[in-house]
Amino acid sequence: MSNNPPRTRMTGVQRRSQLVDVGRGLFAARGLDGTTIEEIAACAGVSKPVIYEHFGSKEGLYTQVVDFEFHILLDSITSALTEEGKPRILVERAALALLTYIEDRAEGFRILMRDAPPSQPEGAFSTLLSQVTARVEHILSDEFHRRGFSAQDGAMYAQMLVGMVAMTGQWWQDSRQPDKQTVAAHLVNLAWNGLTGLQKVPELKSDG
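Note that the coordinates shown come from a computational prediction; the quantities given were computed from them, not determined experimentally. Per chain, residue numbering runs from 1 following the sequence as it is written. In keeping with the model being predicted, local features are shown solely for residues with a pLDDT of at least 70 and side-chain atom pairs are shown and tallied solely at 80 or more, while totals for entire chains, interfaces and linings include all residues. Side-chain measures were taken over the full set of non-hydrogen atoms in the model, leaving aside hydrogen atoms and water.

Q: Honestly, the overall build of the chain in this entry has me stumped. Any pointers?
A: Along the backbone of the chain there are nine helices and zero strands. Comment: elements are numbered from the N terminus, with helices defined as DSSP H or I runs of at least four residues and strands as E runs of at least two. When the elements of the chain are put in sequence order from the N terminus, they spell out α-α-α-α-α-α-α-α-α. Restricting the calculation to C-alpha atoms gives the radius of gyration, and the globule rule supplies 2.2 Å times the number of residues raised to the power 0.38. Taking 208 residues into account, the globule formula puts the C-alpha radius of gyration at 17 Å, and the chain, at 21 Å, lies well above it. Counting only C-alpha atoms and orienting by the principal axes, one finds that the chain spans roughly 80 × 35 × 30 Å. Here the chain holds 208 residues, and the buried ones make up 43% of them. Two residues form a contact once any of their heavy atoms are found within 4.5 Å. Taking the intrachain contacts of the chain between residues at least 6 apart in sequence as the baseline, contacts between residues at least 24 apart amount to 63%. Values of accessible area rely on a 1.4 Å probe in the Shrake-Rupley scheme; residue burial ignores everything except the protein chains shown. Entry remark: accessible area of the chain is about 11,700 Å², with carbon and sulfur atoms responsible for 52%. Under this rule, positive means Lys or Arg and negative means Asp or Glu; His and the chain ends count for nothing. A charged residue contributes its charge at one atom only: NZ of Lys, CZ of Arg, CG of Asp or CD of Glu. Taking the 21 positively charged and 25 negatively charged side chains of the chain as two groups, their mean positions are separated by 4 Å. A 1.4 Å probe rolled over the protein chains alone gives each residue an accessible area, and that area as a share of the maximum for its type sets the label: buried under 20%, exposed over 50%, partly exposed in between.

Right, dumping it as structure tokens:
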């Protein structure tokens, strides 16, 4: 007689969550095209029809994984940019939000940087950056207006600023050196002081 306890049947929500977790790991390592429905089923300990039942296809599961990671990162950066604070502090928080996401959810970031899901043919990360840029543009336009500069230039500078942070995040994904606080401090050092006014040892002004 077996002493093994009976297996607890997962609820539909639990099974979907498990498949998303399994899919995230495989998609991050091999990409959408490099991952088969058979591998996903084997790793999850289910039959292929279970995956079809919940997601319709491998692409359907991939879209769910991307959407999940997309909203985690977007919500984190948006929250950093909507808190009270001077523009420099907001940029610091946003840079730290991106680096923290990369640090905590490396698999998710690899997926966002890789294949475009059907729901976002232009690419998940590009879509996210467009939304973040719109928010940064609003912040910079107000700041430019306050200083007597052209508010329209805020749009151009928003592209520059977000692009700089995004490219640095992609580089830091693999290097992880120096630590994220130091990287964020140097990013804002360049953004705020320019090459001619760089501080040798920049520090963050926020609590991050």
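Still more ground to cover, so stick around.
Q: How do you make sense of helix 9 (residues 180-193) when you look at a structure like this?
A: Helical periodicity: at 3.6 residues per turn, an α-helix aligns residues three or four positions apart in one direction. Spanning 14 residues, helix 9 covers 19 Å between terminal C-alpha atoms, matching the ideal 20 Å at 1.5 Å per step. Inspection of helix 9 places Lys-180, Val-183, Ala-184, Ala-185, Leu-187, Val-188 and Asn-189 among the buried residues, and these make up the whole buried set. Buried residues belonging to helix 9 abut helix 5 (87-104) and helix 8 (153-175). Trailing helix 9 by a residue or two, Gly-194 shows a phi angle of about 75°, which is positive. By this rule, a helix spans an expected 1.5 Å times one less than how many residues it contains.

Q: Whenever I open this one, the packing of helix 5 against helix 6 (residues 106-113) confuses me. Can you help?
A: Helix packing for two helices is described by the angle between their axes and how far apart those axes are. Each axis is a line fitted through C-alpha atoms, and for a helix only the stretch in contact is used; angles between axes span 0 to 180 degrees, taken between their N-to-C directions. Between helix 5 and helix 6, the least distance of the axes is 5 Å, while the angle of their chain directions is 110°. Taken together, the axes of helix 5 and helix 6 lie roughly perpendicular to each other. The residues of helix 6 that touch helix 5, namely those facing Leu-98, Tyr-101, Ile-102 and Asp-104, are Ala-106, Gly-108, Phe-109 and Leu-112. Gly is placed with the polar residues, together with every amino acid not listed as nonpolar (Ala, Val, Leu, Ile, Met, Phe, Trp, Tyr, Cys and Pro) or charged (Asp, Glu, Lys and Arg). Class assignment for the residues of the contact of helix 5 with helix 6 results in six nonpolar, one polar and one charged. Any angle that is under 35 degrees is reported as roughly parallel, and any over 145 degrees as roughly antiparallel; angles of 65 to 115 degrees are reported as roughly perpendicular and all others as oblique.

Q: I would appreciate a short explanation of unusual backbone geometry in the present structure.
A: With the exception of glycine, most residues fall at negative phi, and the peptide bonds are largely trans. The step from Gln-177 to Pro-178 runs through a cis peptide bond, and the omega angle for that step is -5°. When you line up the elements, Pro-178 lands in the loop between helix 8 and helix 9. Its identity as a non-glycine residue notwithstanding, Arg-176 has a phi of 60°, on the positive side. Assignment of secondary structure puts Arg-176 in the loop between helix 8 and helix 9.

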